[in-house]
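Listed here are the chains, written in short residue letters.
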Amino acid sequence: MLKVAQTEEEHPVDGAPAETTSDPRPGETVANGAPYRPGYEVVSEQILKLIAERQLQPGDRMPTENELASSLGTSRTVVREAVKILSAIGRVRAQKGRGLYVADDEGMLGASRWGGFFMPTDLDQIFMLFEFRRVQETAASRLAAARATPAQLKAIKDAMELCREGHETGRDPLFDQGDDAFHLGIAEASHNPFLVASVREARRLQRQANTIGMHGAVGDHARDAVAEHAAIYGAIRDGDPEAAAEATRVHLDQTLEEYRREIQRRVFGAGQP
C-alpha cells in the first residue's frame, strides 16, 4: 500500500515542532525542496494516523491536546487548529470540559460501516474511492440521460454555470458549491435513491481529502472540470446514455490524476513522477 506520509526529516514528530515562526509561507519550499505545508495540515494527518494505529472506534476518548502536542512534537496551538479541521469534516468531536473523542462517522461509507478508517491522504484509498465513484456516477449519468426531467436538467445546467462562475472569478467556495450540486443533481436525475445516497457519501469523503490533502490546490483542474461538466451535461441533455457515462468516466479519471499529481508533489516535491 502506498501511504502518503511525511518522512521524519520533512516533518519530524519527535521533539521538533511542525510549524515555527520561521517556517516558509505557502508557495515556498523547505530545505529539502518539498513544497511547504502548514503545520496544522500535517498534524491533521498525524492525528488520523494515530487514531487508525490505536484502532480507536467512534466514541472512544482521544489523547488531550497537550498529549497530542507532546507526542507529535508540535505546539498545542497547532494541534488546536488541526482539531478544528478534523471536527469540521466530522472525524473528531471536541466536548468542552471532557476532551476529544473519535466522532461517530455514521455515514454510509463511514468507519463503522465501511470496515476501515478512511485516510484522506492515503493515495491508495483515494484510488479506491474514485474507483467506487466511477461505478456509481457513470451509472447515474447513464440513467439521468434517459430519465431527467426538464426541471432536473435546468438544475444540472445551473450547477454547471455556478462552477464556471466560481472558476472565472477565482472564488473556490463557489466552484465547490456548484461542483457538489452538479454531481448530486445528476444522481437525483437518475431517479434511484440508492445512487443518490452513494454519490452523496462518496463526495463527503472526498471533501475530507480536499480539506487536508488538497487544501488550496484547485489549480488548472477547475478550468478542465468546467469543460468536462459541459460535456456530461450535453450528453444528458441530448438523451445519450453511453456518451454521458463516458464523459463522466473521463471527468473522474482526470480528477483522480490531478489528486495523484498534487499529493505526490506535496510529499515528494515537484520534480518527482
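Since the structure is predicted, the reported quantities are computational estimates derived from the model, not experimental observations. Position numbers for residues count from 1 along each chain, tracking the sequence in the order it is written. Residues qualify for local features only when their pLDDT is at least 70, as the model is predicted, and side-chain atom pairs are given and counted only at 80 or more; totals for whole chains, interfaces and linings, by contrast, use all residues. To get the side-chain values, take all heavy atoms of the structure and skip hydrogens and water.

(A) The overall build of the protein, seen in detail. Working definition: helices are DSSP H or I runs of at least four residues, strands are E runs of at least two. Numbering for both runs from the N terminus. Each helix and strand counted, the protein has ten helices and two strands in total. Tracing the protein from N to C terminus, the helices and strands come up as α-α-α-β-β-α-α-α-α-α-α-α. Contacts are residue-level and defined by heavy atoms, with any inter-residue pair within 4.5 Å sufficient. Counted over contacts in the protein with a minimum sequence separation of 6, partners at least 24 positions apart contribute 72%. Where accessible areas are quoted, they stem from the Shrake-Rupley method and a 1.4 Å probe; at the residue level, only the protein chains shown are allowed to cover. Only carbon and sulfur atoms are counted for the fraction: they give 52% of the accessible area of the protein, which is about 13,200 Å².

(B) Examining the nonpolar core more closely. Formed by 22 residues in total, the largest nonpolar core has its most connected members in Val 43, Ile 47, Ile 51, Met 62, Leu 86 and Val 92. Of all elements in the fold, only helix 1 (39-53), helix 2 (65-72), helix 3 (76-88) and strand 2 (99-102) reach the threshold of two or more residues within this core. Counting residues per element, this core draws most heavily on helix 3, which supplies six residues. Grouped together as the second largest cluster of nonpolar side chains are 17 residues, Ala 140, Ala 145, Leu 195 and Tyr 233 included. Nonpolar cores were defined as sets of buried Ala, Val, Leu, Ile, Met, Phe, Trp, Tyr and Cys residues, with membership established by side-chain atoms within 4.5 Å. Only protein chains enter the accessibility calculation, which uses a 1.4 Å probe. A residue is then buried if its area is under 20% of the maximum for its type, exposed if over 50%, and partly exposed in between.

(C) Main features of the pattern of salt bridges. A pairing counts as a salt bridge when a side-chain nitrogen of Lys or Arg comes within 4 Å of a carboxyl oxygen of Asp or Glu. On inspection of all chains with the given rule, the structure shows 17 salt bridges. Arg 164 serves as the salt-bridge partner of Glu 161, at 3.2 Å between the closest nitrogen and oxygen. Here the residue Glu 161 and the residue Arg 164 both occupy positions in helix 6 (residues 150-169), the gap between them amounting to three residues, near one helical turn. Of the charged contacts in the structure, one is a salt bridge between Asp 180 and Arg 207, with a shortest N-O distance of 2.8 Å. Residue Asp 180 is found in helix 7 (residues 172-189), and its partner Arg 207 is found in helix 8 (residues 193-213); the two are separated by 27 residues along the sequence. Judged by its relative accessible area of 18%, Asp 180 falls in the buried class. Looking at Arg 207, the relative accessible area reads 36%, which means it is partly exposed. By sharing partners, the salt bridges in this structure join Arg 134, Glu 246, Arg 249 and Asp 253 into a single network.

(D) Representation of the side chain of Asp 180. Definition of a polar contact: a pair of N or O atoms within 3.5 Å, with one able to donate and the other able to accept a hydrogen when the atoms are protein atoms, and with sequence-neighbouring residues admitted only if both atoms are side-chain atoms. A polar contact of 2.6 Å, which involves the side chain of Asp 180, links it to the side chain of Arg 203. Asp 180 has contacts with Arg 203 and Arg 207, leaving out every residue within four places of it along the chain.

(E) A look at the packing of helix 7 against helix 9 (residues 221-237). Interaxial angles span 0 to 180 degrees and are taken between N-to-C directions of axes, which are lines fitted to C-alpha atoms, for helices over the stretch in contact. Running from amino to carboxyl end, helix 7 crosses helix 9 at an angle of 25°, the nearest separation of the two axes being 12 Å. Classified by the angle their axes make, helix 7 and helix 9 are roughly parallel. Note on packing geometry: the crossing formed by helix 7 with helix 9 is left-handed. Here helix 7 contributes Phe 175, Asp 179, Phe 182, His 183 and Ile 186 to the contact with helix 9, which in turn contributes Ala 222, Ala 225, Val 226, His 229, Ile 232, Tyr 233 and Ile 236. Polar here means any residue outside two lists: the nonpolar Ala, Val, Leu, Ile, Met, Phe, Trp, Tyr, Cys and Pro, and the charged Asp, Glu, Lys and Arg; Gly therefore counts as polar. Broken down by class, the residue content of the contact of helix 7 with helix 9 amounts to nine nonpolar, two polar and one charged. Under this scheme an angle from 65 to 115 degrees is roughly perpendicular, one under 35 degrees roughly parallel, and one over 145 degrees roughly antiparallel; angles in between are oblique. Each helix crossing is assigned a hand: it is left-handed if the near helix lies turned anticlockwise from the far helix by less than a right angle, otherwise right-handed if that turn is clockwise.

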